[in-house]
Amino acid sequence: MTITADASSDAELARRSARLRLPTWLGGGDPLEFGRMCRWRMEATDPAVGEWDVSLDERVRRRPGRIVQVNRLATKSNADAAGAYSRLSRLPTDAALFRGVSYEHVQAELDRMGSERAGGLALLMSSVTLAMGTAAPDQLAAIVQQVLRDYLLPILPEAAAYLVEVDGALGKRYGATRLLLQVQDDEAMTLRPPCPRGNEPVFNSARGLFSDTSLGLGAYLSPLFLALSPWVWAAPAKRPGGVVIYTFGRTVVGRRGEASELLQLFFPDGMMESGPQPQVSPGDIGAALTWWTEALDRLFTEVTDPVRYAGDDGKYSVKRNFEALLSIEQAFRNVQSLSANARDSHVRRILLFDTLDTLEGLRSPDFARMCELSYAQRALDEVTCLLGPAAGRVLLPRARQAVTALQKLQQGFFAPSRLQDGGLRVPDKRGVERVMSLEKATAAYLRVLRNGGHAFGGRPLPGGGVLLMAHSGDVPVDLPDLAYLYLLHLLARPQDLRRRTTPGQAVGSTP
């Protein structure tokens, strides 16, 4: 495949539409109503076969979709005011997360947690998450107020409560992709929906792989909260339709120095110390929350726009859309896990490679380019320019450390017999010795490590053995945070996803 630049601008995308074939029974027999829930603009082209021209409302209006938005509820200045929490009433009122769970059962679990793990912020936030997930809608505001005023502010005076609201259109758009994929496989479903089977969902294609967009946005928000990992500055509590975020006003160490669970004794060596405490202010935290949420909003518009998955004939490819949504969530989930696993260097390195592979599949550049110091530095510079100073104090330190770690890795080539003219002498695929720049040698070395996940030496790259021999093998503990850097870059520049792949040609060739 070849990486090509899609010249589509925002203005061009706003003028275009994609042709979708929708089952006539959608929206209770009213596909227009279903489109309204997705916030689509729709025009019937062939009602007899259910064909519609579809575009996104926010794309046509050339305004932010506000599918995801954040607002601060309360700080110490207004924690006592009941009106500060009134925005919580905008969340769906039909359900808590766990229907049918009795108050007695919840209280017993809270009591167990308190007896087994007495004290500490982790226990407090675990209890808060459980209590908020099971609370009736009319109790939610009082619980949020109590948590902030009575539990957090006494120990963290700069703590605050925020609400991230998630428009129901997001879940509908993701659900439409799964539904249409299933319909495409079964033509009979264009005229009538499948019969329900007990309590199982009717449209179940990959439903579990998209759970974070329908509830909690865990994979999409956790890399933000862990931007300074192993230091933590916030904790979320999910609800249908949104996420309540408690910020601490400063960073709090996210792990204990010694193992707190027996299993932690068996992790490979990772980051041994948490390092100096990052100095961030409540204003920095608020700026980071705002920037990240607005960036997510733009990203969700980009990845759910049917026009981006239409061919030259204007027909929508549900398969392309489905695969892109899966890949985006996988990239975020990888960085979520990588950020939380500060103790396990091996897992972090594997997740780095997996993330770079995923991003390569979504857009250019390829794996090797992302492992080159000059490209990583350029990505960091671009993100820095797109972030304000306040948000940057939260979001940039790990990205900078990753670039520094890549530079240190590049300095790990030591073999005097191979170092020459500022580069490394490596045999090419014909066995001819050539001097490779240390930057490109480092990228090739990382590919050797990545391919080693399938066993070293199976189908080796040219010069792979030389690269392994000529390097010390000391991989800086911060190197896996390259995955975080490139995720941040994707958030800052979601339009780069318009660089698409054309099957059948080689990656890296010019268009």
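Preceding this section is the structure that the text describes.
Let me begin by describing the structure that accompanies this report. For every chain, the first residue of its written sequence is number 1, and the numbers climb from 1 along that sequence. With the structure being a predicted model, the display of local features is reserved for residues of pLDDT at least 70 and the display and counting of side-chain atom pairs for 80 or more, all residues being used for whole-chain, interface and lining totals. As a rule here, side-chain values come from all non-hydrogen atoms in the structure, and water together with hydrogens is ignored.

Notes on the sheet that holds strand E3 (residues 40–46)
Pairing between two strands requires that DSSP report at least two bridges joining them. Numbering of helices and strands runs from the N terminus, with a helix taken as a DSSP run of H or I at least four residues long and a strand as a DSSP run of E at least two residues long. Here three strands make up an open sheet; going across it, the order is E2-E4-E3 and the pairing antiparallel. The two strands at the open ends of the sheet, each matched to only one other strand, are strand E2 (18–21) and E3. Each strand of the sheet is rotated relative to its neighbour by a mean of 35°, with strand direction disregarded. Bridge analysis of E3 against strand E4 (residues 51–56) gives six bridges, and the strand direction is antiparallel. Across the sheet, residue Ala-44 finds its bridge partner in E4, namely Trp-52. An axis is simply a line fitted to the C-alpha atoms; with a helix, the fit covers only the stretch in contact. Between two such axes, the angle follows the N-to-C directions and lies from 0 to 180 degrees.

Focus on helix H18 (residues 438–451)
The end-to-end C-alpha separation of H18 is 20 Å, in line with the 20 Å expected for 14 residues at 1.5 Å each. When accessible area is computed with a 1.4 Å probe and restricted to protein chains, residues below 20% of their type maximum are described as buried, those above 50% as exposed, and intermediate ones as partly exposed. Burial in H18 covers these residues: Glu-439, Ala-441, Thr-442, Ala-443, Ala-444, Tyr-445, Leu-446, Val-448 and Leu-449. Working rule for helices: expected span equals 1.5 Å times residues minus one.

Here's the deal with the pattern of salt bridges
Here, a salt bridge means any side-chain nitrogen of Lys or Arg that lies within 4 Å of a carboxyl oxygen of Asp or Glu. This structure, assessed with the given rule, holds 30 salt bridges. A salt bridge links Arg-41 to Asp-57; the shortest N-O distance between them is 2.8 Å. Here Arg-41, found in strand E3, pairs with Asp-57, found in helix H4 (residues 57–61); they are 16 residues apart in sequence, far enough to count as distant. Assessed through its relative accessible area of 17%, Asp-57 is described here as buried. Several salt bridges converge on common partners, so that one network encompasses Asp-10, Arg-59, Glu-302, Asp-305, Arg-308 and Arg-498.

Take it as geometry only, folks, not as evidence of what the structure does.
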